[in-house]
Amino acid sequence: MKVQLNRSFPMPVRADVAWALLQDVEGVAACMPGAKITERIDATHYKGTVSVKVGPASLSFRGEIEVKLVDAQVRTLRLFARGTDTTGGSGASMDLTARIDAQDAATCNLVGDSEVSMSGKAAGFGARMMGPVADQVMKRFSANFAARLQAMQPSAPAAQAVEEPAAPEAKPLNALALVWAVIRDWLRALSGKRRAQKPE
Amino acid sequence: MGDQSELKDREDKLQGMGTSLLRKEDARFIRGQGSYIDDIKLPGMLFGAIVRSPYAHARIKSIDKTKALACPGVAAVLTADDLKPVNLHWMPTLGGDVQAVLADKKVCFQYQEVAMVLATDRFAAYDGAALVEVDYEELPAIVDPKLSMAPGAPIIREDIQDKKEVGHGPRMHPNHIFTWEAGDKAAADAAFKSAPITVREEILNPRVHPCPLETCGCVASFNKATGYLTVYMTSQAPHLVRTVLAMLSGIAESKIRVVGGDIGGGFGNKVPVYPGYVVAIVASIVTGVPVKWIESRIDNISTTGFARDYHCVGELAADKDGRIKGLRFTALADHGAFNSHVSATKLPAGLFSICTGSYAIPNAYARVDAVYTNKAPGGVAYRCSLRVTEAIYLIERMMDVLAQEVGVDKAEIRRRNFVQAEQFPYTTSFGWTLDSGNYHAALDKVLKAVDYEGLRREQAAKRADPNCPTLMGIGISTFTEIVGAGPTKVCDILGVGLFDSCEIRVHPTGGVIARLGTMSQGQGHATTYAQIIATELGLPASDIVVEEGDTDKAPYGAGTWGSRSTPVSGAATAMAARKIKDKAKKIAAHLLEVAEGDLEWEIDRFKVKGNPGQAKTMKEICMVSHTGNLPAGMEQGLNAVSYYDPPNLTFPFGAYVCVVDVDKFTGETKVRRFYALDDCGTRINPMIIEGQIHGGLTEAFAVAMGQQIPFDESGNHLGNSLMDYFLPTAVETPAWETDHTVTPCPHHPLGAKGVAESPHVGGIPCFSNAVIDAFSHLGVRHMDMPHSAYRVWKKLDALGLNKR
């Protein structure tokens, strides 16, 4: 079960500041709701967890991240993440290419192209919600990323940004809340369309 | 007069063959007092929960049990390594292959068994299973059987990759299982070359699952002190399983007892020996306590015997009047990752060669290529009589395709090709001898009952009306199927012949107990076998107890599947009863001081010819047979056992008509009428037959109209729970109209043929033909099942029929 996600998020900082944060794998993980880096094996290999709650049931994915490419010239990062849910019922993997595109002196875009694969129970049961839920996850992520960038902004050369205090407690990803967000957005889109169709 | 009513009274008291005796087993089922596997509680019993693979194809790098073992209540965690010392990490299958009991180094289908956790209660077992950490390395999966034999395809079965054959002839590729052929290819090819009309169609029988209400499971109990193994198991064939267990475990077969109690539906899903059973048995042997393993619904749909998955090409060659001169049917069979379904050693593609159906086809050729894919193992299941559903679906669909090509009515094309009544016994081009039948009479009766001409007129009128909101379709299915496996010279499983048995003991006061080698999963055996004995012996059916399923008590048999109980064990019952009757006649002659030739049998007694006052009832003889007042040299008792090796299979047939109205805008199909005429020879209990027909038709409706087991490209199951899998309820299920003709089977002692699978075999093509017929005036010749509203809507949309 594969899903392609291609999204672009505007960021309120200079491109090189955003790039600095993007290269900090632990910092990036902190922006992903429910995620945590548990071990740094070397500069390109990490172990981490992502927790997802669906009502009373939790899935806790345990896996590895491999940073495949870091190209400062084009501010592009490519990483591959793979994990299984600790109950053994599901597996997931993601191939992500992220880059920073400068817009102007003070803003840029965080552009992500990813292919996410699910297997096991998550694929069988979650498949139908995967696209919209993944979109919601990316929205949250980009909001966290932007907030973190804002916090870094006022002072700081890139070096200081890396010495940020430890990531906040990784709260599990609440999937039901995401599903509600999907439904809410869809309803909003519907009423938006209706408004547009009203004769002037 | 008085005589007649007295005779009728005595007959009614027996409630023997032909009466709609209410089922004896229903009282306990309705009260919730059946005894199913999950009802069994034994002291000290542990629960087993299976750890399953989330990937369809992967290497196992490591398994870490520490967290699971630390979980409260968990007693042990078994993996393949724990089974190696007893050489049970692999087991032989009923299909001549081997199957992993617990995955050793690699998994080949999603949800494959990797480990079993044993705990003191079922919740602790599931918690423990969630804590077993397995490290997988994912491999590319093969999901499309057409790609299984592609050059460079990933090898699924590395364990047999060097083997040149897996039980059924030479293999051409590591993912190839066997190729089976029948008939005369040269003759068929010649017929096609010279025929003015040929049709060809690609027809899919999608993968579906019987989904019985009760899932599979067992309670295994090994007694270390006595060395005796007892296994309570959801098995349709307890004796075969006992033999297999003896071969696998090394325990003497006389020290193994398999018990099939009440089973909540089998439909072929409960024939194979599943890894869960084997691990539970090993666990019990190792721990010395009973071990229970029972599946969840998702386990059952995802991993146990599925049905069909035949990708077929049907070809017919005919003259200009539509008389068939040649048939070529080929199938690519997706067996999943292991060839595990029940398979007679000489017939790996089951009875697919019945695909000439009810028709006299002079030149025929069939071929099945079976391959492995990364899906659950199986193939033969779901009321299919061993691939007969696949075969009959193909021929009945092709008859409609041929009719459309030739421009002949779909009922008429069948009449032109039927085996004529006077041609029986008729040997088909594949070598099956159809012993009896009357296809014209059956079809005529059905067409008259539904006013076929009127329906075709109505359809024409609706087609001419552009404002009609529905498409009307009429489906016909005139099937002959093949059941009652089978003669030992043709059919055996792992060498054991498919005969069956009945042992009858008559008590002094006239009660009877009969034990048989078949195994009811709801077919009503406790009632029907009693009726056979009641008529044969003249003792009331209410006093006759029928037992099956306990291998310690019942005589050897091959179990119940493929509609074989009535043809084989029903025959054995009659034969055993007749042995007793013969002995009773001798006793009666002795008591009445006449010669045997002077006696005649009347309902429940022997009467002296010409002297009606002189008679002895069977009831009296029961008591006398336990005394010394017997002919010289005769032993006491009225007991007999019969092991019956049938001379041939049986060929029940039928004619079905289905009328549907397809909504042009939603694709929803309403079944307006379904008329089913079945001929199963002599009818033992008409009410039970009707119940079987209703059940088979409902399952046919499910398969044709909504069931499927889809996979994505990585081998993930999509739709393996009742959230998606279509089990019809009373809301969707059409009303059934049933009818019958009786053409007794000449080689069966009772003339009976068996009936339970016919409605499924004949029903599926009938629904399919009806839906496709609704579109046939637009040139549509075939649409693959299932005909769910969405799939039919896509066709309507493509044809632009849903525009106002």
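So, how was this worked out
- Along each chain, residues carry numbers from 1 onward, in the same order as the chain's sequence is written.
- Working convention: letters from A go to chains and numbers from 1 go to ligands, in the order in which they are written.
- Only residues with pLDDT of at least 70 are given local features in this predicted model, and only at 80 or more are side-chain atom pairs given and counted; all residues enter the totals for whole chains, interfaces and linings.
- Computation of side-chain values: all heavy atoms of the structure, hydrogens and water removed.
- Only DSSP runs of H or I with at least four residues qualify as helices, and only runs of E with at least two residues qualify as strands; both kinds are numbered from the N terminus onward.
- Should any heavy atoms of two residues lie within 4.5 Å, those residues are counted as being in contact.
- Under the convention used here, a 1.4 Å probe and the Shrake-Rupley method define accessible areas, while residue burial counts only the protein chains that appear.
- Here the globule rule is a power law, 2.2 Å times the number of residues to the power 0.38, and the radius of gyration is based on C-alpha atoms.
- Exposure classes here rest on a 1.4 Å probe applied to the protein chains alone. A residue is buried below 20% of its type maximum, exposed above 50%, and partly exposed in between.
- For this count, His and the chain ends are skipped, Lys and Arg are scored as positive, and Asp and Glu as negative.
- One atom stands in for each charge, and that atom is NZ of Lys, CZ of Arg, CG of Asp or CD of Glu.
- As a working definition, buried area equals the accessible area (1.4 Å probe) given up by two parts on being put together, with both sides summed.
- For salt bridges, the criterion is a side-chain nitrogen of Lys or Arg within 4 Å of an Asp or Glu carboxyl oxygen.
- Within 3.5 Å is the distance limit for a polar contact, defined as a pair of N or O atoms, with the added protein rule that one can donate a hydrogen and the other accept it, and that residues adjacent in sequence qualify only through two side-chain atoms.
- Aromatic rings from Phe, Tyr and Trp, with only the six-membered ring used for Trp, were paired whenever their centres fell within 6.5 Å, and each pair was classed as stacked if the ring planes differed by under 30 degrees, edge-to-face if by over 60, and tilted otherwise.
- A ring has a charge above it when a Lys NZ or an Arg CZ is no more than 6 Å from the ring centre and no more than 35 degrees off the ring normal.
- Think of it this way: DSSP has to see at least two bridges between two strands before they count as a pair.
- Axis definition: a line fit to C-alpha positions, over the contact stretch in the case of helices; interaxial angles, taken between N-to-C directions, run 0 to 180 degrees.
- Confidence scores here are pLDDT values: one per residue, from the predictor, ranging 0 to 100.
- Expected helix span is taken as 1.5 Å per residue step, with the number of steps being one fewer than the number of residues.
- Each crossing gets its hand from how the near helix is turned against the far one by less than a right angle, where anticlockwise is left-handed and clockwise is right-handed.
- Note that Gly is not counted as nonpolar here; it falls among the polar residues with everything else outside the nonpolar set of Ala, Val, Leu, Ile, Met, Phe, Trp, Tyr, Cys and Pro and the charged set of Asp, Glu, Lys and Arg.
- The disulfide definition used here is simple: a pair of cysteine sulfur atoms within 2.5 Å.
- To form a nonpolar core, buried Ala, Val, Leu, Ile, Met, Phe, Trp, Tyr and Cys residues must be joined to one another through side-chain atoms within 4.5 Å.

S.K.: Please provide a residue-by-residue account of the overall build of chain A, values included.
M.R.: The helix and strand tally for chain A stands at six helices and eight strands. The secondary structure elements of chain A, listed N-terminal to C-terminal, are β-α-α-β-β-β-β-β-β-α-α-α-β-α. If you take every contact in chain A between residues at least 6 apart in sequence, the share linking residues at least 24 apart comes to 56%. For chain A, the accessible area works out to roughly 11000 Å², and carbon and sulfur atoms hold 57% of it.

S.K.: Help me get a handle on the overall build of chain B, residues and values and all.
M.R.: When helices and strands are tallied, chain B shows 19 helices and 34 strands. In summary, chain B has a C-alpha radius of gyration of 28 Å against a globular reference of 28 Å for 804 residues, a match within 12%. Projected onto its principal axes, the C-alpha coordinates of chain B cover approximately 85 × 75 × 50 Å. Out of the 804 residues belonging to chain B, those deemed buried represent 63%. For chain B, contacts bridging at least 24 residues in sequence account for 79% of all contacts bridging at least 6. Of the charged side chains in chain B, 82 are positive and 92 negative, and the gap between their average positions amounts to 1 Å.

S.K.: Summarise the interface of chain B and chain A; cite the residues concerned and give the values.
M.R.: Contacts between the two partners involve 22 residues from chain B, matched on the other side by 22 residues from chain A. Here chain B packs against chain A, burying approximately 1500 Å² in sum over the two surfaces, 46% of which is carbon and sulfur. Linking chain B to chain A there are zero salt bridges. The interface formed by chain B and chain A includes two residue pairs in polar contact (both at pLDDT 80 or more).

S.K.: I'd love a proper account of the packing of aromatic side chains, names of residues and values included.
M.R.: Counting across every chain of the model gives 23 aromatic pairs over all chains. Ring plane angle 85° and centroid distance 5.3 Å describe the contact between B:Phe674 and B:Trp736, whose orientation is recorded as edge-to-face. In this pair, B:Phe674 is assigned in strand S33 (residues 669-679) and B:Trp736 in the loop between helix H17 (686-705) and strand S34 (737-740), connecting sequence segments 62 residues apart. Residue classification places B:Trp736 among the buried residues on the basis of a relative accessible area of 12%. Among the aromatic side chains, those forming a connected cluster through ring pairs are B:Phe479, B:Tyr656, B:Phe674, B:Phe701, B:Phe726, B:Trp736 and B:Phe767. Over the ring of A:Phe80 we find A:Lys68, and its NZ or CZ is 5.8 Å from the ring centre. The ring centre of B:Phe192 lies 3.9 Å from the NZ or CZ of B:Arg328, which sits over that ring.

S.K.: So what's going on with unusual backbone geometry? Residues and values would help.
M.R.: Where the residue is not glycine, phi is negative for most of them; where a peptide bond is considered, it is trans in most cases. The omega torsion of the bond from B:Phe424 to B:Pro425 falls at -5°, within 30 degrees of zero and hence cis. Relative to the assigned elements, B:Pro425 resides in the loop between helix H11 (410-417) and strand S20 (426-427). The backbone of A:Arg75 sits at a positive phi, close to 50°, despite the residue not being glycine.

S.K.: Tell me about the sheet that holds strand S8 (residues 133-138) of chain B, residues and numbers included.
M.R.: Residue and element names in this part refer to chain B. If you walk across this open sheet you meet the three strands as S6-S2-S8, and the pairing is antiparallel. A strand with exactly one partner marks an edge of an open sheet, and here the two such strands are strand S6 (106-107) and S8. Examined bridge by bridge, strand S2 (residues 58-64) and S6 share two bridges and lie antiparallel to one another. Paired with Ala58 across the bridge in S6 is Val107.

S.K.: Which residues make up the pairing of strand S25 (residues 500-506) of chain B, and what values go with them?
M.R.: Residue and element names in this part refer to chain B. Most of S25 sits inside the fold, with five of its seven residues counted as buried. Relative to strand S31 (residues 638-644), S25 runs antiparallel, the two being bridged by seven bridges. By the bridge assignment for S31, Ser501 is matched with Tyr643. When S25 meets strand S26 (residues 512-516), the two strands line up antiparallel, connected through five bridges. Directly across from Glu503, in S26, lies its bridge partner Arg515. Hairpin connection, S25 to S26: the antiparallel pair is bridged by five residues, and Gly510 has positive phi, about 95°.

S.K.: A description of the pattern of salt bridges should follow, citing residues and the corresponding values.
M.R.: Residue and element names in this part refer to chain B. A complete count under the given rule lists 67 salt bridges over all chains for this structure. We note a salt bridge from Lys410 to Asp773, for which the minimum N-O separation is 2.7 Å. Note that Lys410 is positioned in helix H11 and Asp773 in helix H18 (residues 758-773), a separation of 363 residues in sequence. Considered together, Lys410 and Asp773 belong to a single accessibility category, that of buried residues. In this structure, Lys553 engages Glu547 in a salt bridge whose closest nitrogen and oxygen atoms are separated by 3.7 Å.

S.K.: Residue-level account of the sheet that holds strand S9 (residues 176-183) of chain B, with values.
M.R.: Residue and element names in this part refer to chain B. Strand order in this open sheet of five strands is S9-S18-S17-S16-S10, and the pairing throughout is mixed. Of all strands in the sheet, those bounded by a partner on one side alone are S9 and strand S10 (197-205). The sheet shows a mean angle of 10° between the axes of neighbouring strands, direction not considered. By the bridge criterion, seven bridges tie S9 to strand S18 (residues 363-371) in an arrangement that is antiparallel. Bridge assignment links Phe178 to a residue of S18, and that residue is Ala370. Taken strand by strand, helix H6 (residues 185-194) contacts S9, S10, strand S16 (310-318), strand S17 (324-334) and S18, and its axis lies near 120° from that of S17.

S.K.: An account of the confidence of the model for chain B is needed here, citing residue identities and associated values.
M.R.: Looking at chain B, pLDDT values average 95 and 100% of them are 70 or higher. ipTM for the predicted complex: 0.70, alongside a pTM of 0.90.

S.K.: Describe H17(B), naming the residues involved and giving the relevant values.
M.R.: With 20 residues, H17(B) should reach 28 Å at 1.5 Å per residue; the first-to-last C-alpha distance of 28 Å fits that figure. The N-cap of H17(B), judged by a side-chain oxygen 3.0 Å from the amide nitrogen of B:Met687 a few residues on, is B:Asn685.

S.K.: Requested: an account of the packing of helix H1 (residues 15-23) of chain A against helix H4 (residues 130-152) of chain A, with residues and values cited.
M.R.: Residue and element names in this part refer to chain A. Two elements in contact, H1 and H4, have axes separated by 10 Å at closest approach and are oriented at 115°. At the point where H1 passes H4, the crossing takes the right-handed sense. Residues Val17, Ala18, Leu21 and Leu22 of H1 touch H4, and the partners they reach there are Phe145, Arg148, Leu149 and Met152. Considered class by class, the residues forming the contact of H1 with H4 number seven nonpolar, no polar and one charged.

S.K.: Could you give an account of the state of the cysteines, with specific residues and numbers?
M.R.: When the sulfur atoms of two cysteines share a covalent bond, that bond is a disulfide. All names here are of chain B. In total, this model carries zero disulfides over all chains according to the counting rule given. Here Cys622 stays free of any disulfide, with the sulfur of Cys502 as its closest cysteine sulfur at 15 Å. The cysteine Cys658 is free of any disulfide, with Cys766 supplying the nearest cysteine sulfur at 5.1 Å.

S.K.: Report on the nonpolar core, specifying residues and quantitative values.
M.R.: All names here are of chain B. Ranked by internal contacts, the top residues of the largest apolar core, which has 184 residues, are Leu316, Phe352, Phe674 and Phe767. Per element, the largest residue contribution to this core is 12 residues, and it comes from helix H10 (residues 388-406). Not counting residues up to four positions away in its chain, the partners in contact with Phe352 are Trp180, Tyr310, Phe329, Ala331, Ala366, Val368, Leu386, Arg387, Glu390, Ala391 and Leu394. Val568, Ile580, Phe606 and Cys622 belong to the second-largest nonpolar core, a separate cluster that totals 44 residues.

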